[in-house]
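Okay, here's what each chain looks like letter by letter:
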Amino acid sequence: MVAKELAERGVDVLMLEAGPWLDPDRDFSRLEDDMGGLVDGALRWGPSDRSRGPWTRRREGVGFILQAAGVGGTTLHYNGISPRAYPAAIDDQWPIEYEDLIPYYERVEAFLPVRLVDDLATKDALFAKGCEGIGLTRSEAREIHREVWRPAHNAILPIAEMTEGEPLAYPHVQGCTMCGHCLIGCPNPQGSPVELKAKRATNVSYVPAAMATGKCQIVSDAFATRILFEQGGDRGHRVRGVRWRDTNTGGLQEAEASIVVLACGSIESPRLWLNSGLPNSNDVVGRYLSTHFQDFVTGFFAQDVRPDVGQVTMARADFPGHGTLWSQGFGPSAFAKVLTMGEGKWGESTLGEPWDFAGRSWGREAVLQISEYHRSLTVAVCTDDEGLASNNVSLDPDWPADEHGLVPRIEYHPSKVSVERRDWLARKAAELLRAAGATRVHRSNVWPALFTHIMGTMRMGRDPASSVCDANGETHQVEGLFVGDSSILANGLGGPNPTLTAQALAARTADLIWSRQLA
Amino acid sequence: MVQQVNQPATVETLRAAVDTIVPSVDGAPAASELNAHHHLIEVLDKALPSGADLVASLLDVIAGQTTPETRFVDLDDKERGKVFDALAATGLQDLRDAVDAILIFTLDAVYSEWSGLDRSTGSLSPPKSWTRLGYHGPVLGVPKYRANS
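Everything in this summary refers to the structure shown in the same document. The structure displayed is predicted, hence computed values, not measured ones.

Within a beta sheet, neighbouring strands are joined by backbone hydrogen bonds and run either parallel or antiparallel to one another. Residues and elements named next belong to chain A. Spatially, the three strands line up as an open sheet ordered E8-E9-E10, and their pairing is antiparallel. Every interior strand has two partners, whereas the edge strands, strand E8 (222–231) and strand E10 (252–256), have only one. If you compare each strand with its neighbour and ignore which way they point, the axes differ by 25 degrees on average.

Structure, rendered in structure tokens:
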């Protein structure tokens, strides 16, 4: 994002990506394990050479970490949903106001584009029925101040016009072909140029635009290992470049730069900072980790629902003050895990809660329930979790360092308020599913925490004692060092998915870099 | 690349583990009939050198604590489930990870394309689990994406 914005202004930009540069048509197989396998999938957190193991991190209270290495980053495996933050979560809590973000939201929404879905798949229509059954009204607004349900605003092209029996590849179809593979990389329409790939991940949107300027060089398989800096400047230190390691050859290279933008994500950005020995006099780097403390509630119906059909998410419900819910499509392997993993066991009392069974199971009963996949609708729960300084990313002193330095240690424990909000949302999801006609409801009760939205570890703020970056996205303690990923988010946005806000903030930061430093 | 050589008992222990997770139900194959234990061994060893031996040993240690001088393979399904529960209940992340890994990678083997994919040629025979679940597999698109439309 920042690379494209600056390159378009004539700035020479070097972009480093730790993972490979995959080609959607050649490399995206539409297969769950091949693409999404945690240990050796094409979109895993690990080197290009999939015969080698993944990169490790130590975890406490942390379960799955869904993080991709590759040009496109996490947008390679996200579902494309692009809501804005709830304004109430920004105003008076961030060092900027929600209205400061609006022109940048609009810029990103116009570019990708982000648009209201123009229809609902069966699963999402059922979700909508449930929403209306619990009294939610439909909204198409981008700004949310009250409880509503909405067709999703997705960074996905319009639904293609398709006819059964006719070819489903480009140029016969253009737009989203409703294949349901969003989470494992979108290659459709097959054969289309990158600018017409349906899901507007950054590898098919911002990256090609940056390359088209002729001013941006992208080096893949390049794991940044050190931010180079020196003493001096108004902030006490100033950046002077970056060192990286070629993940294939092990060779080290360096580049000098007057501006460096950290965009490694909320785990690796603080890790790189700490491994570089950058100043951290207030011990705030890596803290205030937020993850939306997610959960899943699944309903089973008498009729076919087809969780494998349509964009993974085409409808959502908003509950400012608690968080958000959305309809979640899955392939069968992901579904099986959501249904059979979590805290508690099937068969234990649900203590009067509105679900019939919860937590984990295996064996005959689990196999039979998994077989009901095609009659299931899963609702994802995304909590407005509290940012605590104790939830953090640090360097683990006990595990052996890997080839890039000391490995990250990630610790997360939800506050009592976060647990209460998640429980409230889970109950709401169960009510919604019953209103839609579900005959049986399961709550996953996910624990350890699922990490798909990872935010806040380099957060912006006015006070250097409790923030890493200032209101311009520049780090308080190092001149010329900016943050351009979701680690800069000052909180969990009230619950909505963070990608669009991270992108909008990055666009704003790019503007400020240009106007204040380079113009 | 060093070829991982596992302890002989590891294969049998993890075969027992995957069949506890996904037994044969109504004629559908048990996980080990799909070689899920080999998938589990492969990913555990890739994630951590000798990871499969470690996890198998862990199962035996907990089995011995539950029923003295007993190995995991000697337990029935219910008792094996208690071993999984005991690991999950320790509160120790690493032990919790071990039982989660058994669950995750067994389910991957059975419900993803893994058991039907010939990696040498790239050709796919859709797993029978997809037919049972009504999953459409890898597709270019779904024209009729809305029931009754």
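Once the structure has been displayed, the description carries forward.
Right, let's talk about the pattern of salt bridges for a bit. In the structure shown here, the tally under the stated rule is 52 salt bridges over all chains. When the shortest N-O distance is used, the salt bridge between B:Lys46 and A:Asp40 registers 3.2 Å. With one member in each of two chains, B:Lys46 in helix H2 (residues 36–47) and A:Asp40 in the loop between helix H3 (32–36) and strand E2 (58–60) form a pair that bridges those chains. Side by side, B:Lys46 and A:Asp40 carry an identical accessibility label, which is buried. Salt-bridge contacts for B:Arg146 lead to A:Asp119; the nearest nitrogen and oxygen are separated by 3.2 Å. Here the residue B:Arg146 occupies a position in the segment after helix H6 (128–133), and A:Asp119 occupies one in the loop between strand E4 (115–116) and helix H6 (122–133), the pair thus bridging two chains. On the basis of relative accessibility, which here comes to 26%, the residue B:Arg146 falls in the partly exposed class. Given the relative accessible area of 28%, A:Asp119 is considered partly exposed.

So, about helix H3 (residues 51–66) of chain B. Residues three or four positions apart in an α-helix share a direction because the helix packs 3.6 residues into each turn. With 16 residues, H3(B) extends 23 Å from end C-alpha to end C-alpha; this agrees with the ideal 22 Å at 1.5 Å per step. All of the buried residues in H3(B) are B:Gly51, B:Ala52, B:Asp53, B:Val55, B:Ala56, B:Leu59, B:Asp60, B:Ile62 and B:Ala63.

The next subject is the interface of chain B and chain A. The interface is formed by 51 residues belonging to chain B together with 61 residues belonging to chain A. Contact with chain A buries surface across chain B, with B:Lys46, B:Leu140 and B:Tyr145 losing the most and accounting together for 16% of the total. Applying the counting rule to chain B against chain A returns eight salt bridges. The interface formed by chain B and chain A contains 29 residue pairs in polar contact (both at pLDDT 80 or more). Elements with a contribution of two residues or more to the side of chain B that touches chain A: helix H1 (8–21), H2, helix H4 (77–89), helix H5 (93–111) and H6 of chain B. With twelve residues, H5(B) is the largest single contributor of residues to the side of chain B that touches chain A. Residue composition of the side of chain B that touches chain A, grouped by class: 28 nonpolar, nine polar and 14 charged.

Residues and elements named next belong to chain B. With their axes 10 Å apart at the nearest point, H1 and H4 run at an angle of 100 degrees to one another. Comparing their axes, H4 and H1 come out roughly perpendicular. Facing H1, whose interface residues are Ala16, Ala17, Thr20 and Ile21, H4 presents Asp77, Arg80, Gly81 and Phe84. Along the lines of polarity and charge, the residues of the contact of H1 with H4 split into four nonpolar, two polar and two charged.

Here we take up the packing of aromatic side chains. According to the stated counting rule, one finds 17 aromatic pairs over all chains in the structure shown. Ring plane angle 45 degrees and centroid distance 5.9 Å describe the contact between A:Tyr98 and A:Tyr105, whose orientation is recorded as tilted. Aromatic pair A:Phe319 and A:Trp424: ring centres 5.5 Å apart, planes at 75 degrees, arrangement edge-to-face. Taken together, the residues span a long stretch of sequence, with A:Phe319 in strand E13 (residues 315–319) and A:Trp424 in helix H11 (residues 416–436) at a distance of 105 residues. In this structure an aromatic cluster arises from ring pairing among A:Phe300, A:Phe335, A:Tyr373, B:Trp130 and B:Tyr135. Positioned above the aromatic ring of A:Phe293, the side-chain terminus of A:Arg422 is 3.9 Å from the ring centre. The ring of B:Phe72 is capped by B:Arg80, whose NZ or CZ atom sits 5.7 Å from the centre of that ring.

All names here are of chain B. Two elements in contact, H2 and H5, have axes whose closest approach is 9 Å; the angle formed by their N-to-C orientations is 125 degrees. When the axes of H2 and H5 are compared, the pair comes out oblique. The chirality of how H2 crosses H5 is right-handed. Touching Ala36, His39, Leu40, Val43 and Leu44 of H2 are Ala101, Ile102, Phe105, Asp108 and Ala109, all from H5. Residues belonging to the contact of H2 with H5 are distributed by class as follows: eight nonpolar, one polar and one charged.

Cut-offs and rules
Residues numbered from 1 in each chain as written. Chains lettered and ligands numbered in written order. Predicted model: local features only at pLDDT ≥ 70, side-chain atom pairs only at ≥ 80, totals over all residues. Heavy atoms only, no water. Pairing = 2+ DSSP bridges. Helix = DSSP H or I, 4+ residues; strand = E, 2+ residues; numbered from the N terminus. Axes fitted to C-alpha atoms, helices over the stretch in contact; angles between N-to-C directions. Salt bridge = Lys/Arg side-chain N within 4 Å of Asp/Glu carboxyl O. Buried < 20%, exposed > 50% of the residue type's maximum accessible area, 1.4 Å probe, protein only. Expected span 1.5 Å × (residues − 1). Contact = heavy atoms within 4.5 Å. Buried area = accessible area lost by both parts, 1.4 Å probe. Polar contact = N/O pair within 3.5 Å; in protein donor to acceptor, adjacent residues only side chain to side chain. Nonpolar A, V, L, I, M, F, W, Y, C, P; charged D, E, K, R; others polar. Parallel < 35°, antiparallel > 145°, perpendicular 65-115°, else oblique. Phe/Tyr/Trp six-rings, centres within 6.5 Å; stacked < 30°, edge-to-face > 60°. Lys NZ or Arg CZ within 6 Å of the ring centre and 35° of its normal. Left-handed = near helix turned anticlockwise from the far one by under 90°.

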